[in-house]
Amino acid sequence: MKIIDTPKMPKANGHYSQCIEHNGLLYLSGQLPIDQKTKTIPLSIEEQTDLVLKNIESVLTEAGSSKKQILQVRVYISNIELWDKVNERYSFFFQEHKPTRCIIPTRELHFGCLIEIEITAIVGQ
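The structure presented is a predicted model; accordingly, all values stated were derived computationally and were not measured.

Criteria and thresholds
Residues numbered from 1 in each chain as written. Predicted model: local features only at pLDDT ≥ 70, side-chain atom pairs only at ≥ 80, totals over all residues. Heavy atoms only, no water. Salt bridge = Lys/Arg side-chain N within 4 Å of Asp/Glu carboxyl O. Helix = DSSP H or I, 4+ residues; strand = E, 2+ residues; numbered from the N terminus. Buried < 20%, exposed > 50% of the residue type's maximum accessible area, 1.4 Å probe, protein only. Phe/Tyr/Trp six-rings, centres within 6.5 Å; stacked < 30°, edge-to-face > 60°. Expected span 1.5 Å × (residues − 1). Arc of directions from axis to C-beta. Contact = heavy atoms within 4.5 Å.

### Description of the pattern of salt bridges
Inference 1: Using the criterion set out here, one finds two salt bridges in the structure.
Inference 2: Across the pair Glu118 and Arg74 runs a salt bridge whose closest N-O atoms are separated by 3.4 Å. Pair noted here: Glu118 is in strand β6 (residues 115–122) and Arg74 is in strand β4 (residues 70–77), with a separation of 44 residues, a long-range link.
Inference 3: Taking the relative accessible area as the measure of exposure, Arg74 reaches 14% and is therefore buried.

This is how it looks when you write it as structure tokens:
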């Protein structure tokens, strides 16, 4: 097991690793839509979805992977009624690539975020 941590990755705000590599797979902790430079959270679900996917892509790049190597996605949203807007931005991000996916409606997310996404991806191919 190898913990992936670089200065360009978002820092963990608790007792966990952002990303772990094991047997050719990357396990990425849930990412929130927090701008890494300003530490702000956009207001709209569309902006939050775009930002969290951008943060995921940044971590994957630093870990030697890419969005096309994502195998599984788990999306947590604070209100299932937001799903159509999330799915639109999600589809735009992934284009033709279609990883397996699970949508988990929840009540509140940390810092008042509307969305959190975690992924599993292949590394080094």
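Further notes follow.
### Description of the packing of aromatic side chains
Inference 1: If you walk through the whole model with that rule in mind, you get two aromatic pairs.
Inference 2: Seen in terms of ring centroids, Tyr90 and Phe94 are 4.7 Å apart; in terms of plane orientation they differ by 50°. Their pairing is tilted. Taken together, the positions of Tyr90 and Phe94, both in helix α2 (residues 83–94) and four residues apart, correspond to about one turn of that helix. Just as Tyr90 is buried, Phe94 falls in that class too.
Inference 3: When the ring of Phe93 is compared with that of Phe94, the centres are 4.9 Å apart and the planes differ by 90°; the resulting orientation is edge-to-face.

### A look at α2
Inference 1: Under the 1.5 Å per step criterion, the end-to-end length of α2 is 16 Å for twelve residues, consistent within 8% with the ideal 16 Å.
Inference 2: Of all the positions in α2, only Trp83, Val86, Arg89, Tyr90, Phe93 and Phe94 are classed as buried. All buried residues of α2 fall inside an arc of 135° around its axis, so they share one side. In this structure, α2 carries Asp84, Glu88 and Phe92 as exposed residues pointing more than 90 degrees from its buried face.
Inference 3: Considering only its buried residues, α2 is in contact with α1 (45–62), β4, β5 (100–105) and β6.
Inference 4: Looking at the residues trailing α2, positive phi occurs at Gln95, about 55°.

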